[in-house]
Amino acid sequence: MSLNNFYFKDSSFFSLRTFLLCSALSVWTPVQGEVLVIGSNLPIIAAPGDDVILPCHLAPTFDVQGLTVEWSKPDLKPDPSDRLSRVEYVHLYRDRKEVPDMKMASYFRRTELFMDDMKHGNISLKILNVSEEDNGRYRCFIPKLRSRVKAAVVELVVDSNFAKTSTTETPLQTPDPQDTTPTNAARSRVAVVIVVVTLLLVLALAGFAAYFSRHIFHQTLKKHPEDDDTEKQPLPV
């Protein structure tokens, strides 16, 4: 094996490794700056008659004034026997305004978004005069958000034994890892990390193995140069 052949094969190997490394990084890099919908992993507890705020925002900060924002109760399903039935919203924001026509009657004039803060990614929902009928899970969803995490779930607990306050709010927190709505993307990111790390380890081991095998081969040629010369000599006639 000549030096030129060794250099060509070695360069091809490292070019392939560089290509695979860049491809893996290109898959992972966009996820790091991805805008995520974040709710609260703690339930919002209030007394009947309270005004509550269901926290939900985007991180990093992202202007959502031009996007559709849906607040709904995911546990409520349309009647399958009624073809005309549809899922109604607790609050629907579209075309930079509220859409009351698709709103549940029990929440009419009782919900509002913080319109001035939406440019900063705040999509928290305020519910006025809550009652025990408002108990349950609430889902904030941005259908056209270019992200793997477009939704978050916040639970509201209205308890008559809870001391009444003017406005009940829980600090914004990252979603609960056990919440199935946002965790699909989180699990996808973990899977990507595992794949990238595994790929890098495989490439590193392959590189070391190729280097040492070629190094040993060249050391053998240096110790027995007559073998190579013998192959080049013509056979006697």
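Residues numbered from 1 in each chain as written. Predicted model: local features only at pLDDT ≥ 70, side-chain atom pairs only at ≥ 80, totals over all residues. Heavy atoms only, no water.

- With an unreviewed UniProt entry as reference, the protein is termed Ig-like domain-containing protein, source organism Astatotilapia calliptera.
- Check the Subcellular location (unreviewed entry) section of the UniProt entry for the protein; it says "Membrane". (UniProt positions renumbered as here; feature names shortened; annotations may be inferred.)

**Observations concerning the overall build of the protein**
Here is step 1: For the protein, the count of helices and strands is three helices and 12 strands.
Here is step 2: Burial status across the protein gives 34% buried among its 237 residues.
Here is step 3: Contacts in the protein between residues at least 24 apart in sequence constitute 67% of all its contacts with a sequence separation of at least 6.
Here is step 4: Approximately 15100 Å² of the protein is accessible, and the part contributed by carbon and sulfur atoms is 58%. (Helix = DSSP H or I, 4+ residues; strand = E, 2+ residues; numbered from the N terminus. Buried < 20%, exposed > 50% of the residue type's maximum accessible area, 1.4 Å probe, protein only. Contact = heavy atoms within 4.5 Å. Areas by Shrake-Rupley, 256 points an atom, 1.4 Å probe, with all protein chains shown as cover.)

**Brief notes about the state of the cysteines**
Cysteine pairs can be linked by a disulfide, which is a covalent bond between their two sulfur atoms.
Here is step 1: Taken as a whole and assessed by the stated rule, the structure comprises one disulfide.
Here is step 2: Across a sulfur-sulfur distance of 2.1 Å, Cys56 and Cys140 are joined as a disulfide pair. Judged by the torsion about the S-S bond (60°), the Cys56/Cys140 disulfide is right-handed. Linking Cys56 in the loop between strand 3 (51–54) and strand 4 (57–59) with Cys140 in strand 10 (residues 136–141), this pair joins segments that are 84 residues apart in sequence. Per residue, the accessibility class of Cys56 equals that of Cys140, and both read buried. (Disulfide = S-S within 2.5 Å.)

**Some words on unusual backbone geometry**
Here is step 1: Residue Pro60 is bonded to the preceding Ala59 through a cis peptide linkage, with omega at -5°.
Here is step 2: On the secondary structure map, Pro60 appears in the loop between strand 4 and strand 5 (69–72).
Here is step 3: You will see that Asp95, though not glycine, has its phi angle at about 55°, which is positive.
Here is step 4: Secondary-structure assignment places Asp95 in the loop between strand 6 (91–94) and strand 7 (97–98).
Here is step 5: In this structure, Asn129 takes a positive phi of about 50° despite not being glycine.
Here is step 6: Note that Asn129 resides in the loop between strand 9 (125–127) and strand 10.

**Examining the sheet that holds strand 6**
Here is step 1: With mixed pairing, six strands are arranged side by side in an open sheet as 2-11-10-5-6-7. At either end of the open sheet lies a strand with only one pairing partner, and these are strand 2 (44–46) and strand 7.
Here is step 2: Two strands pair when backbone bridges link them, and strand 5 and strand 6 are joined in this way by three bridges, in the antiparallel orientation. Looking across to strand 6, one finds that Trp71 is bridged to His91. (Pairing = 2+ DSSP bridges.)

**What about the nonpolar core?**
Here is step 1: Ranked by size, the top nonpolar core spans 30 residues in total, and within it Val37, Leu54, Trp71, Ile123 and Ile142 carry the most contacts.
Here is step 2: Put simply, the parts of the chain that give this core at least two residues each are strand 2, strand 3, strand 5, strand 9, strand 10 and strand 11 (151–158).
Here is step 3: Discounting residues that sit within four places of it in the chain, Ile142 has contacts with Val37, Leu58, Val64, Leu67, Thr68, Val69, Ile123 and Lys150. (Core = buried A, V, L, I, M, F, W, Y, C linked by side-chain atoms within 4.5 Å.)

**Overview of the confidence of the model for the protein**
The predicted structure's coordinates, where accompanied by low pLDDT, should not be read in detail.
Here is step 1: Mean pLDDT for the protein: 76, with 61% of residues reaching 70 or above.
Here is step 2: For the stretch residues 19–30, pLDDT sits under 50, and the model shows 11 contacts to residues farther than four places along the chain or on other chains.
Here is step 3: Scored below 50 in pLDDT, residues 171–187 makes 31 contacts in the model with residues more than four places away or belonging to other chains. (pLDDT = per-residue confidence, 0-100.)

**As for the pairing of strand 6**
Here is step 1: One ladder, built from two bridges, connects strand 6 with strand 7; its direction is antiparallel. Bridged to Arg94 within strand 7 is Lys97.
Here is step 2: Here strand 6 folds back onto strand 7 in antiparallel fashion, the turn holding two residues, of which Asp95 has a positive phi close to 55°.

**Considering the side chain of Thr111**
Here is step 1: Tracing the backbone through its elements, the reader meets Thr111 in strand 8 (residues 111–113).
Here is step 2: On the basis of relative accessibility, which here comes to 7%, the residue Thr111 falls in the buried class.
Here is step 3: Within the local environment of Thr111, its side chain forms a polar contact with the backbone oxygen of Val90, the two atoms lying 3.5 Å apart.
Here is step 4: For Thr111, the side chain forms a polar contact with the side chain of His91, separated by 2.8 Å.
Here is step 5: Setting aside chain neighbours within four positions, we find Thr111 in contact with Val90, His91, Glu98, Lys103, Leu125, Lys126 and Ile127. (Polar contact = N/O pair within 3.5 Å; in protein donor to acceptor, adjacent residues only side chain to side chain.)

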